[in-house]
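The lines below spell out each chain.
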Amino acid sequence: MNSSQKYKYFAFISYSSKDLEWGKRVQRKLEHYRMPATLCSEHGWERTPIKPVFFAPTDIQPGGLTAEIQERLRASRNLIVIG
């Protein structure tokens, strides 16, 4: 993706099964967070919630990325790894 391309997701969250609840909490917090108004006005950003955030439904093992997961990663502006 080049820098001018629009992303479908603000972030992609990857986690291990032991961190499932933590990952869900991070997703909820991000999707309801609004950047401070002064920061938004300084940078010309919209003051909207940070979403959507894709929450990987299963553990991802090295070399085992499905085509769907690879596409979701490409469509995400940021990657958050919880582990």
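Everything quoted here is computed from the prediction, not taken from an experiment.

Cut-off values and rules
- Residues numbered from 1 in each chain as written.
- Predicted model: local features only at pLDDT ≥ 70, side-chain atom pairs only at ≥ 80, totals over all residues.
- Heavy atoms only, no water.
- Helix = DSSP H or I, 4+ residues; strand = E, 2+ residues; numbered from the N terminus.
- Buried < 20%, exposed > 50% of the residue type's maximum accessible area, 1.4 Å probe, protein only.
- Polar contact = N/O pair within 3.5 Å; in protein donor to acceptor, adjacent residues only side chain to side chain.
- Expected span 1.5 Å × (residues − 1).
- Arc of directions from axis to C-beta.
- Core = buried A, V, L, I, M, F, W, Y, C linked by side-chain atoms within 4.5 Å.
- Contact = heavy atoms within 4.5 Å.

(A) View of the environment of arginine 47. Along the chain, arginine 47 falls in the loop between helix H2 (37-43) and strand S2 (53-55). For arginine 47, a relative accessible area of 43% gives the class partly exposed. Sequence separation of arginine 47 and proline 36 is 11 residues, and the distance between their C-alpha atoms is 7.6 Å. Among the polar contacts listed, one links the side chain of arginine 47 to the backbone oxygen of methionine 35, at a separation of 2.7 Å.

(B) Layout of helix H1 (residues 20-32). Relative to the 18 Å expected for 13 residues at 1.5 Å per residue, H1 spans 19 Å between its end C-alpha atoms, a close match to the ideal helical length. For H1, the set of buried residues is Gly23, Val26, Gln27, Leu30 and Glu31. Along the long axis of H1, the arc covered by the buried residues comes to 120°, so they all point the same way. Along H1, exposed side chains directed more than 90 degrees from the buried face belong to Glu21, Trp22, Lys29 and His32.

(C) Geometry of the nonpolar core. One finds Ile13 and Phe54 to be the most contacted residues of the largest nonpolar core, which totals 14 residues. For this core, the secondary-structure elements that each account for two or more residues are strand S1 (9-15), H1 and S2. Looking at this core, the element that brings in the most residues is S1, giving five residues. Beyond its immediate chain neighbours, meaning those up to four positions away, phenylalanine 54 contacts Tyr9, Ala11, Phe12, Ile13, Ile69 and Arg72.

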